[in-house]
Amino acid sequence: MNNNNKILIEIYLPTFEKRYDVFIPINKRVGTIKQLIEKLLIEMSDITYKITEGTNLYSKDTGNIYDVQMLIKDTDIKNGSKLVLI
């Protein structure tokens with residue numbers, strides 16, 4: 001996969017008051033990216049993150065929830081977007 005297929009986003013976890021910069025592929029579904037981010041948080045973070053069924057990705061700017069079935073490239077998520085995982 002080349003760099004044209006990835007974007008850099010910021011993930012904010014309000015529960016832990018932590019921010020993480022993550023490269024994500026644009027040709028994956030929002031739900032798949034959410035799951036990958038959650039797994040990454042469990043493996044790489046200094047926090048005790050637990051995966052729960054009701055967790056969603058939101059736009060930090062608009063507060064809109066992202067449909068887990070949509071491809072990243074079909075959303076308004078772009079390079080530099082700030083997302084909230086709650």
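Values in this document were obtained by computation on a predicted structure and should not be read as measured data. (Residues numbered from 1 in each chain as written. Predicted model: local features only at pLDDT ≥ 70, side-chain atom pairs only at ≥ 80, totals over all residues. Heavy atoms only, no water.)

Student: What is the right way to read the packing of aromatic side chains from this model?
Tutor: Note on aromatic pairs: each is described by the distance of the centres and the angle between the planes. A full pass over the atoms with the stated rule returns zero aromatic pairs. Lying across the ring of Tyr12, Lys60 places its NZ or CZ 4.8 Å from the centre. (Phe/Tyr/Trp six-rings, centres within 6.5 Å; stacked < 30°, edge-to-face > 60°. Lys NZ or Arg CZ within 6 Å of the ring centre and 35° of its normal.)

Student: Looking at this structure, I do not really get the pairing of strand 2 (residues 18-25). What am I missing?
Tutor: Working note: regular strand, side chains alternate between the two faces of the sheet. Strand direction decides the pairing type here: strand 1 (residues 6-13) and strand 2, joined by eight bridges, are antiparallel. Among the inter-strand pairings, Leu13 is bridged to a residue of strand 2, identified as Lys18. The antiparallel hairpin formed by strand 1 and strand 2 contains four residues in its connecting segment, where Glu17 sits at a positive phi of about 50°. (Pairing = 2+ DSSP bridges. Helix = DSSP H or I, 4+ residues; strand = E, 2+ residues; numbered from the N terminus.)

Student: Where do I start with the side chain of Ser81 in this structure?
Tutor: Along the chain, Ser81 falls in the loop between strand 3 (57-59) and strand 4 (82-85). In terms of polar contacts, Ser81 uses its side chain to reach the backbone amide nitrogen of Lys78, at 2.8 Å. Setting aside anything within four residues of it in sequence, one finds Ser81 in contact with Leu8, Ile9, Glu10 and Asp76. (Polar contact = N/O pair within 3.5 Å; in protein donor to acceptor, adjacent residues only side chain to side chain. Contact = heavy atoms within 4.5 Å.)

Student: Can you help me understand the sheet that holds strand 2 in this one?
Tutor: Paired through backbone hydrogen bonds, the strands of a sheet run either parallel or antiparallel to each other. Sheet architecture is open: four strands sit in the order 2-1-4-3, paired in mixed fashion. The sheet terminates laterally at strand 2 and strand 3, the two strands that pair on one side only. Within this sheet the neighbouring strands show an average axis-to-axis angle of 35°, counted without direction. (Axes fitted to C-alpha atoms, helices over the stretch in contact; angles between N-to-C directions.)

Student: Hey, could you run me through the pattern of salt bridges in this one?
Tutor: Applying the stated criterion to the full structure yields two salt bridges. Here Arg19 makes a salt bridge to Glu10, at a shortest N to O gap of 3.4 Å. On the accessibility criterion, Arg19 (47% relative accessible area) is partly exposed. The class of Glu10 is buried, set by a relative accessible area of 15%. The residue Glu38 makes a salt bridge to Lys34 at a minimum N-O spacing of 3.5 Å. Separated by four residues within a single helix, Glu38 and Lys34 lie in helix 1 (residues 30-44), roughly one turn from each other. In terms of burial, Glu38 and Lys34 fall into one category: buried. (Salt bridge = Lys/Arg side-chain N within 4 Å of Asp/Glu carboxyl O. Buried < 20%, exposed > 50% of the residue type's maximum accessible area, 1.4 Å probe, protein only.)

Student: Help me understand helix 1 in this model?
Tutor: If you check helix 1, its first and last C-alpha atoms are 21 Å apart, about what 15 residues at 1.5 Å a residue would give, namely 21 Å. Within helix 1, the full set of buried residues consists of Val30, Gly31, Ile33, Lys34, Ile37, Glu38 and Leu41. Taken around the axis of helix 1, the buried residues stretch over an arc of 160°, which confines them to a single face. Projecting away from the buried face of helix 1 at angles above 90 degrees are the exposed residues Glu43 and Met44. Packing partners of the buried residues in helix 1 comprise strand 1, strand 2, strand 3 and strand 4. (Expected span 1.5 Å × (residues − 1). Arc of directions from axis to C-beta.)

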